Amino acid sequence: MSYLLIFISAIFVNNIILSQFLGICPFFGVSKKISTAAGMGFAVMFVMTLSTIVTFLIYYTFLQPYNLIFMMTVTFILVIATLVQMVEIILKKVSPALYQALGIFLPLITTNCAVLGIAILTIQKNYNLLAGVCYALASATGFTLAIVIFAGIRERLAYTNVPKVLQGTPIALISAGLLSMAFMGFAGIGN
């Protein structure tokens with residue numbers, strides 16, 4: 001499979017949020033403003049790509065050769081949590097401005113199931129390291145695209161006259177469903 005096809009497919013056709021339903025919590029929780037959604041998206045992009053590289057190397061260096069595949073999920077969770085903590089500590093010392101800009105987003109990424117999902121899917125799809133990094137970066141780009149578009153929709157909905165019974169979560173769910181259906185239009189690309 002070509003890297004371009006992996007990239008386009010992961011962003012539009014198999015979008016991590018709208019097609020595979022991973023990362024729904026930050027999708028609904030951090031999507032009320034475009035600026036916070038973009039911050040979360042870029043933080044996820046960095047951590048998802050980095051964690052895919054590290055988990056890939058751990059899987060093929062330690063877990064598979066020593067027949068410890070059953071420890072994959074627990075190991076990946078620990079690796080992701082450790083990476084997020086390390087990135088947070090390094091950013092705090094090296095770039096306090098960037099650390100302040102990311103704020104709460106870094107700790108939230110630790111519990112984002114999309115990061116773990118991509119690490120596991122990279123192994124399950126038998127991607128090599130380069131294809132896995134391409135897939136992780138594209139999935140994170142798709143995550144960012146979906147959450148920013150959804151935040152834009154939610155910002156616009158704040159200025160509309162939504163019936164009282166649909167205000168809040170109901171209109172957000174309806175909007176998410178319509179956004180998901182819109183992304184289904186790209187389904188012909190991957191075939």
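Cut-offs and rules
Residues numbered from 1 in each chain as written. Predicted model: local features only at pLDDT ≥ 70, side-chain atom pairs only at ≥ 80, totals over all residues. Heavy atoms only, no water. Helix = DSSP H or I, 4+ residues; strand = E, 2+ residues; numbered from the N terminus. Buried < 20%, exposed > 50% of the residue type's maximum accessible area, 1.4 Å probe, protein only. Expected span 1.5 Å × (residues − 1). Contact = heavy atoms within 4.5 Å. Patch = residues over 30% accessible without salt bridge, like charges linked within 9 Å, V, L, I, M, F, W, Y side chains within 5 Å. Areas by Shrake-Rupley, 256 points an atom, 1.4 Å probe, with all protein chains shown as cover. Salt bridge = Lys/Arg side-chain N within 4 Å of Asp/Glu carboxyl O. Core = buried A, V, L, I, M, F, W, Y, C linked by side-chain atoms within 4.5 Å. Disulfide = S-S within 2.5 Å. pLDDT = per-residue confidence, 0-100. Polar contact = N/O pair within 3.5 Å; in protein donor to acceptor, adjacent residues only side chain to side chain. Phe/Tyr/Trp six-rings, centres within 6.5 Å; stacked < 30°, edge-to-face > 60°.

(A) Highlighting the environment of Tyr59. With respect to the helices, strands and loops of the structure, Tyr59 is situated in helix 3 (residues 34-63). Its relative accessible area of 7% is what places Tyr59 among the buried residues. Spatially, the C-alpha atoms of Tyr59 and Met45 are 21 Å apart, while their sequence positions differ by 14 residues.

(B) Examining helix 4 (residues 72-94) more closely. In this model, helix 4 (23 residues) spans 32 Å end to end at C-alpha, consistent with the 33 Å of a helix rising 1.5 Å per residue. Residues of helix 4 that are buried: Met72, Thr75, Phe76, Val79, Ile80, Leu83, Val84, Val87, Glu88 and Leu91. Where the residues of helix 4 are buried, they touch helix 3, helix 5 (96-102), helix 6 (105-110) and helix 7 (113-124).

(C) How the structure looks around a nonpolar patch on the surface. Together, Phe62, Tyr66, Leu68, Phe70, Met71, Val74 and Leu78 give the surface a local cluster of nonpolar side chains, amounting to about 760 Å² of exposed area. Structurally, Leu78 can be placed in helix 4.

(D) The nonpolar core, seen in detail. Ranked by size, the top nonpolar core spans 53 residues in total, and within it Phe27, Met48, Phe76 and Ile109 carry the most contacts. Mapped by element, the contributors of at least two residues to this core are helix 1 (3-13), helix 3, helix 4, helix 5, helix 6, helix 7, helix 8 (129-157) and helix 9 (169-184). Among the elements that make up this core, the one with the highest residue count is helix 8 (11 residues). Residues in contact with Ile109, not counting those within four places in the same chain, are Met40, Ala43, Val44, Val47, Val84 and Val115.

(E) Focus on the state of the cysteines. All told, the structure shown has 0 disulfides when counted by the stated rule. In this structure Cys113 is not part of a disulfide, and its nearest cysteine sulfur, from Cys25, lies 6.5 Å away.

(F) A look at the confidence of the model for the protein chain. Overall, the prediction assigns the protein chain a mean pLDDT of 90, with 98% of residues at 70 or greater. Mean pLDDT across the elements of the protein chain ranges from a minimum in helix 5, with 75, to a maximum in helix 8, with 96.

(G) The arrangement of helix 8 in detail. For helix 8, which comprises 29 residues, the first-to-last C-alpha distance of 41 Å matches the rise-based estimate of 42 Å (1.5 Å per residue) to within 8%. The N-capping residue of helix 8, defined by a side-chain oxygen 3.2 Å from the backbone nitrogen of Leu130, is Asn128.

(H) Region of interest: the packing of aromatic side chains. Following the criterion strictly, the structure yields 9 aromatic pairs and no others. Between Phe27 and Phe150 the ring centres are 4.3 Å apart and the planes differ by 20 degrees, which places this aromatic pair in the stacked class. Here Phe27 is found in helix 2 (residues 24-29), whereas its partner Phe150 is found in helix 8, with 123 residues between them in sequence. The same class applies to Phe27 as to Phe150, namely buried. Ring centres 4.8 Å apart and planes at 85 degrees place the aromatic pair Tyr59 and Tyr60 in the edge-to-face group.

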